[in-house]
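# Structural characterization, general
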Amino acid sequence: MVRPDKSKKEATISVRGMHCATCSDTVREALLSLKGVENARVNLATDKATLVYDPALVAMADIERAVKESGYGVAKDEISLTIGGMH
């Protein structure tokens, strides 16, 4: 994978709903079709997509939309904390 220069970012997102190599190819093509996405790699075994993009040209919301419009989901990691002792 091409390493991003200082103006580019590298991101990894979790993709849901992929079942075969055609699925991962579809997601990769959707990502590469976005202006500003320089490189994309989709791993079917880990359900992850790693991409290098220019944030001046494309936002993460655009990237997530492209995955969803290609028929797959984007998983968001969340954490819940219980905080005690606050008055």
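Here we summarise the structure given alongside this text. (Residues numbered from 1 in each chain as written. Predicted model: local features only at pLDDT ≥ 70, side-chain atom pairs only at ≥ 80, totals over all residues. Heavy atoms only, no water.)

## As for the overall build of the chain
Counting secondary structure elements, the chain contains two helices and four strands. Its helices and strands in sequence order give the chain the pattern β-α-β-β-α-β, from N to C terminus. Compactness check: the chain gives a C-alpha radius of gyration of 15 Å against a globular reference of 12 Å for 87 residues, more than 25% above the reference. Of all 87 residues assigned to the chain, the portion counted as buried reaches 34%. Counted over contacts in the chain with a minimum sequence separation of 6, partners at least 24 positions apart contribute 59%. Charged side chains of the chain number 12 positive and 12 negative; the gap between the two group centres comes to 3 Å. (Helix = DSSP H or I, 4+ residues; strand = E, 2+ residues; numbered from the N terminus. Rg over C-alpha atoms; globule rule 2.2 N^0.38 Å. Buried < 20%, exposed > 50% of the residue type's maximum accessible area, 1.4 Å probe, protein only. Contact = heavy atoms within 4.5 Å. Lys, Arg positive; Asp, Glu negative; His and termini not counted. Charge placed at Lys NZ, Arg CZ, Asp CG, Glu CD.)

## Remarks on the environment of Met 18
Assignment of secondary structure puts Met 18 in the loop between strand S1 (9-16) and helix H1 (21-32). Setting aside chain neighbours within four positions, we find Met 18 in contact with Cys 23, Ser 24, Val 27, Val 42, Asn 43, Leu 44, Asp 47 and Tyr 72.

## Considering the environment of Ile 63
With respect to the element layout, Ile 63 can be found in helix H2 (residues 60-69). On the basis of relative accessibility, which here comes to 0%, the residue Ile 63 falls in the buried class. Taking the C-alpha atoms as reference, Ile 63 lies 10 Å from Ser 33; in sequence the two are 30 residues apart.

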